[in-house]
Amino acid sequence: MTATESTQPIRIVVAEDETIIRLDIVETLTAQGYEVVGEAENGERAVELVEELRPDVVLMDISMPVMDGLSATRHIAERSLAPVVILTAFSQRDLIDQATQAGAMSYIVKPFSETDLVPAIELAKARFDQLVALESEISDLTVRFETRKLVDQAKVLLQEKLEITEPEAFRWIQKTSMDRRLTMKDVAQTVIDQLGNNPS
């Protein structure tokens with residue numbers, strides 16, 4: 001699904017220090033129906049724009065001056081300001097792992113095409129929406145972290161068992177929790193208990 005199919009276009013901030021690449025990304029996003037609300041040439045400016053504009057998604061290059069993309073991502077993720085899609089020219093596992101630990105919701109390895117861009121943006125937004133939903137249910141940070149781990153495990157099991165996507169698995173957990181008046185943690189634990197011990 002592209003942004004053009006929804007009523008409101010997804011608002012995006014693009015952070016990339018190489019002007020040519022940044023313009024190319026902006027052009028591709030606009031063609032896909034997204035609305036680019038801000039452009040940054042370094043991580044510090046990206047953080048400022050995100051705090052000011054509250055976009056739906058941030059596309060963040062890793063290697064940038066002043067503040068690198070990982071530090072900027074960490075700052076944005078810690079404050080739950082917006083989901084971040086990391087852009088990296090290197091396909092090394094360690095950088096991608098670092099980006100995930102910093103709070104990135106998905107990543108794209110350069111050079112990429114628009115067919116890479118759209119799914120990464122949609123996935124990042126879906127994952128971020130899930131986090132926001134979890135956070136609104138749980139105020140305690142320790143419990144929230146435990147719940148996230150359980151929900152992530154349950155999503156994987158549901159994806160395999162029901163052959164559904166990650167966002168669909170999360171919606172299943174969310175809906176079941178509302179229908180049965182249980183917390184998402186309880187639903188996730190039940191899924192793990194029932195499917196995790198049953199390899200069939």
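Calculation criteria
Residues numbered from 1 in each chain as written. Predicted model: local features only at pLDDT ≥ 70, side-chain atom pairs only at ≥ 80, totals over all residues. Heavy atoms only, no water. UniProt positions renumbered as here; feature names shortened; annotations may be inferred. Helix = DSSP H or I, 4+ residues; strand = E, 2+ residues; numbered from the N terminus. Contact = heavy atoms within 4.5 Å. Salt bridge = Lys/Arg side-chain N within 4 Å of Asp/Glu carboxyl O. Buried < 20%, exposed > 50% of the residue type's maximum accessible area, 1.4 Å probe, protein only. Polar contact = N/O pair within 3.5 Å; in protein donor to acceptor, adjacent residues only side chain to side chain. Expected span 1.5 Å × (residues − 1). Arc of directions from axis to C-beta. Core = buried A, V, L, I, M, F, W, Y, C linked by side-chain atoms within 4.5 Å. Pairing = 2+ DSSP bridges. Axes fitted to C-alpha atoms, helices over the stretch in contact; angles between N-to-C directions.

Q: Summarise the UniProt feature "modified residue: 4-aspartylphosphate" (unreviewed entry) in the protein; cite the residues concerned and give the values.
A: This chain's UniProt record puts "modified residue: 4-aspartylphosphate" (unreviewed entry) on Asp61. Within the fold, aspartate 61 resides in strand β3 (residues 57–61). Discounting residues that sit within four places of it in the chain, aspartate 61 has contacts with Ala15, Glu16, Asp17, Gly69, Leu87 and Lys110.

Q: A description of the pattern of salt bridges should follow, citing residues and the corresponding values.
A: Taken as a whole and judged by the stated rule, the model has 7 salt bridges. Taking the shortest distance from any N to any O, the salt bridge between lysine 155 and aspartate 152 comes out at 3.4 Å. Highlighted residues: lysine 155 and aspartate 152, both in helix α6 (residues 141–162), separated by 3 residues, approximately one helical turn. Judged by its relative accessible area of 5%, lysine 155 falls in the buried class. Judged by its relative accessible area of 40%, aspartate 152 falls in the partly exposed class. Of the charged contacts in the structure, one is a salt bridge between lysine 155 and glutamate 166, with a shortest N-O distance of 3.1 Å. Of this pair, lysine 155 sits in helix α6 while glutamate 166 sits in helix α7 (residues 166–179); the two residues are 11 residues apart in sequence, bridging distant segments of the chain.

Q: Talk me through the environment of threonine 88; I want residue IDs and the actual numbers.
A: Secondary-structure assignment places threonine 88 in strand β4 (residues 84–88). Judged by relative accessible area, threonine 88 falls into the buried class, the value being 1%. Sequence spacing of threonine 88 and glutamine 174 is 86 residues, and the spatial spacing of their C-alpha atoms is 33 Å.

Q: An account of the side chain of threonine 176 is requested, with residue identities and associated values reported.
A: Within the secondary structure layout, threonine 176 lies in helix α7. Within polar-contact distance, the side chain of threonine 176 engages the backbone oxygen of tryptophan 172 at 2.7 Å. Apart from the residues lying within four places of it in its own chain, the contact partners of threonine 176 are Arg181 and Val187.

Q: Just give me the short version of helix α1 (residues 19–31), but keep the residues and values in it.
A: When the terminal C-alpha atoms of α1 are compared, their 18 Å separation across 13 residues agrees well with the 18 Å that a helix rising 1.5 Å per residue should span. All buried positions along α1 are accounted for by Arg22, Ile25, Val26, Thr28 and Leu29. The buried residues of α1 all sit within an arc of 165° when viewed along its axis, so they share a single face. Exposed residues pointing more than 90 degrees away from the buried face of α1 are listed as Ile20, Glu27 and Ala31.

Q: I'd like a rundown of the nonpolar core, residues and numbers included.
A: Nonpolar side chains tend toward joint burial in soluble globular proteins. Grouped together as the largest cluster of nonpolar side chains are 21 residues, with contacts concentrated most on Ala15, Val50, Val58, Met60, Ile76, Val84 and Ile86. When residues of this core are traced back to their parent elements, those giving at least two are β1 (11–15), α2 (43–53), β3, α3 (69–78), β4 and α4 (93–102). Looking at this core, the element that brings in the most residues is α2, giving 4 residues. If we ignore the near neighbours within four places in the chain, the residues touching alanine 15 are Ala40, Ala46, Leu59, Met60, Asp61 and Met64. Within the second largest apolar cluster, 20 residues are counted, among which are Tyr34, Val57, Leu87 and Ala124.

Q: Run through the sheet that holds β3, naming residues and quoting values.
A: Pairing is parallel in the open sheet, where 5 strands are placed in the order β2-β1-β3-β4-β5. If you trace the sheet from one side to the other, it starts and ends with β2 (35–40) and β5 (106–109), each paired once. Looking at each pair of strands side by side, their axes are set apart by 20° on average, direction ignored. Inspection of the sheet shows β1 paired to β3 by 4 bridges, in the parallel sense. Counted as the bridge partner of isoleucine 12 is valine 57 from β3. Sheet strands touched by α1: β1, β2, β3 and β4. Its angle to β2, the strand with the most contacts, is close to 170°.

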